[in-house]
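Spelled out from the first residue to the last, the chains are:
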Amino acid sequence: MQRPMDKAAAEAILRWQVDAGVDLAIDDAPHDRFAESKEPPRRPAASPPDRQAQAQAPAHPARRVASPTPPKDATESARLLAASAPTLEELRAVMESFEGCSLKATATQLVFADGNPRGGLMLVGEAPGADEDRQGKPFVGRAGRLLDKMLAAIGLDRSHAYIANVVPWRPPGNRTPTLQETAICLPFIHRQIELAAPRILVTLGNPSTQTLLNTKVGIMKMRGRWASCMIGGRAIPTMPTLHPAYLLRTPTQKKLAWRDLQAIGKAFRESAPTS
Ligand code: URA
């Protein structure tokens, strides 16, 4: 009989897994896949049909099964759903119900937005990380705290800014979203920007900049220069800047971000409606 593992051994194994980069549990019990692959294939029972369906189901189903929707259909379905949402609340609801992006299967929840959608400034990042996935809000981890300091440096906070990501579900292990995942989610962020209708848009980092400005030019060339993002027939003045996670890794580049922030703050104030 197998003896239960003692606490210290269990903790050591867990630490080893975390050090190796494991950050997601996808099932309650471990499986010996090597042993399973040597087992003879199971034969489906002859009848009745529901037993047959059971036999054909995976022997060890994962926590949730990824959607098999083909990417083109998923993008089209995202486009139709996004267009059908007349408000941000309804957009959030249709995104909650969307099954076309396989990232939803491994993410804890949808990370829709934070801040004030009527603030006039909108910041768009790449995709949620572990903290955002847990809390259901964008930019709440270390990068988010730096983003708050960046806003504070130009006299702003989240009451002036609406914050979202191009991809609203966390990619496992914080990998960069694939082009396919990004394409599937694109109609949602486009609609989110259209409904928030910011005066100024800021793209944070390379993936967000390249996706929203539809360019292959890298962030180091794009940053610090005003661009225009065409959304819903409106050209929104857009400033690409460095991602706060990059600035945490490369603090010497903060001076570049500081210059971008100055330009963002100035444009934000100058574009404010006069009452
Ligand atoms: N990085 C992002 O791009 N978005 C987040 O929400 C958090 C970190």
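Predicted model only: the values in this text are computed from it and were never measured.

The rules we used
Residues numbered from 1 in each chain as written. Predicted model: local features only at pLDDT ≥ 70, side-chain atom pairs only at ≥ 80, totals over all residues. Heavy atoms only, no water. Pairing = 2+ DSSP bridges. Helix = DSSP H or I, 4+ residues; strand = E, 2+ residues; numbered from the N terminus. Contact = heavy atoms within 4.5 Å. Axes fitted to C-alpha atoms, helices over the stretch in contact; angles between N-to-C directions. Disulfide = S-S within 2.5 Å. Buried < 20%, exposed > 50% of the residue type's maximum accessible area, 1.4 Å probe, protein only. 1 Å grid on protein atoms, 1.4 Å probe; cavity = no way out; pocket = protein on both sides within 12 Å on 5 of 7 lines; lining within 4 Å. Points joined across faces, edges and corners; volume = space filled by probe spheres on them. Nonpolar A, V, L, I, M, F, W, Y, C, P; charged D, E, K, R; others polar. Near = heavy atom within 4 Å. Polar contact = N/O pair within 3.5 Å; in protein donor to acceptor, adjacent residues only side chain to side chain. Areas by Shrake-Rupley, 256 points an atom, 1.4 Å probe, with all protein chains shown as cover. Core = buried A, V, L, I, M, F, W, Y, C linked by side-chain atoms within 4.5 Å. Arc of directions from axis to C-beta. Salt bridge = Lys/Arg side-chain N within 4 Å of Asp/Glu carboxyl O.

Draft legend 1. Quick peek at the sheet that holds strand E1 (residues 114-115). Read across the open sheet, the six strands follow the order E1-E3-E2-E4-E6-E5; overall the sheet is mixed. A strand with exactly one partner marks an edge of an open sheet, and here the two such strands are E1 and strand E5 (227-231). Summarising the sheet, strand E2 (residues 121-125) and strand E4 (residues 200-204) pair through four bridges and their orientation is parallel. Counted as the bridge partner of Val124 is Thr203 from E4. Running at roughly 170° to E2, helix H9 (residues 179-196) makes contact with E2, strand E3 (161-165), E4, E5 and strand E6 (234-241) of the sheet.

Draft legend 2. Expanded view of the state of the cysteines. In total, this model carries zero disulfides according to the counting rule given. As a non-bridged cysteine, Cys101 has Cys185 as the owner of its nearest cysteine sulfur, 4.0 Å distant. In this structure Cys101 comes out as buried when scored by relative accessible area, which is 3%.

Draft legend 3. Region of the structure containing empty space enclosed by the protein. Applying the stated criterion across every chain yields a total of one cavity of 30 Å³ or more. The computed volume of the largest cavity comes to approximately 80 Å³. If you go around the largest cavity, the residues you meet are Leu121, Leu123, Leu147, Met150, Leu151, Ile154, Val202, Leu204, Thr241, Leu261 and Ile264. Within the residue set of the lining of the largest cavity, elements represented by two or more residues are E2, helix H8 (142-153), E4 and helix H13 (254-270). If you tally residues by element for the lining of the largest cavity, the top one is H8, at three residues. Residues that form the lining of the largest cavity fall into these classes: 10 nonpolar, one polar and no charged.

Draft legend 4. Fine view of the site of the ligand. Taken together, the neighbourhood of the ligand is formed by Gly125, Glu126, Ala127, Pro128, Glu132, Pro138, Phe139, Asn165 and His243. Between a nitrogen atom of the ligand and a main-chain N or O atom of Ala127, the distance comes to 3.1 Å. Between the ligand and His243 there is a distance of 2.8 Å, counted from an oxygen atom to a side-chain nitrogen or oxygen. Within the complex, the protein chains bury 91% of what would otherwise be the 230 Å² of accessible surface of the ligand. In the shell around the ligand, the residues fall into four nonpolar, three polar and two charged.

Draft legend 5. Summary view of the nonpolar core. Judged by nonpolar contacts, the single largest core of 36 residues is most densely connected at Leu91, Met122 and Ile193. When residues in this core are grouped by element, the largest group, seven residues, is from H9. Aside from chain neighbours lying at most four places away, what touches Ile193 is Met122, Val124, Pro198, Leu201, Leu212, Ile231 and Ile236. Of all hydrophobic cores here, the second largest spans 25 residues; its members include Leu121, Leu147, Ile154 and Ala267.

Draft legend 6. Layout of helix H5 (residues 88-97). Among the residues of H5, those classed as buried are Leu88, Leu91, Val94 and Met95. Taken down its axis, H5 places every buried residue within 120° of arc, on the same side. In the core, the buried residues of H5 are packed alongside helix H4 (71-84), helix H6 (103-106), E3 and H9.

Draft legend 7. Region of interest: the pattern of salt bridges. Going through the model one piece at a time under the given rule, you end up with 10 salt bridges. Residue Asp260 pairs with Arg223 through a salt bridge whose shortest N-O separation is 2.7 Å. One end of the pair, Asp260, is in helix H13; the other, Arg223, is in the loop between helix H11 (219-222) and E5, with 37 residues separating them in the sequence. A relative accessible area of 13% places Arg223 in the buried class. Members of the salt-bridge network, linked through shared partners, are Asp114, Asp148 and Arg158.

Draft legend 8. Spatial organisation of unusual backbone geometry. Of note in this structure, Phe139 is not a glycine but carries a positive phi near 50°. As for its placement among the helices and strands, Phe139 is situated in the loop between helix H7 (130-135) and H8. Residue class for Phe139 comes out buried when judged on its relative accessible area of 6%. Backbone geometry at Asn214 places phi at a positive 50°, although glycine is not the residue there. The residue Asn214 is located in the loop between helix H10 (206-212) and H11 in this model. Here Asn214 falls in the exposed class, since its relative accessible area comes to 72%.

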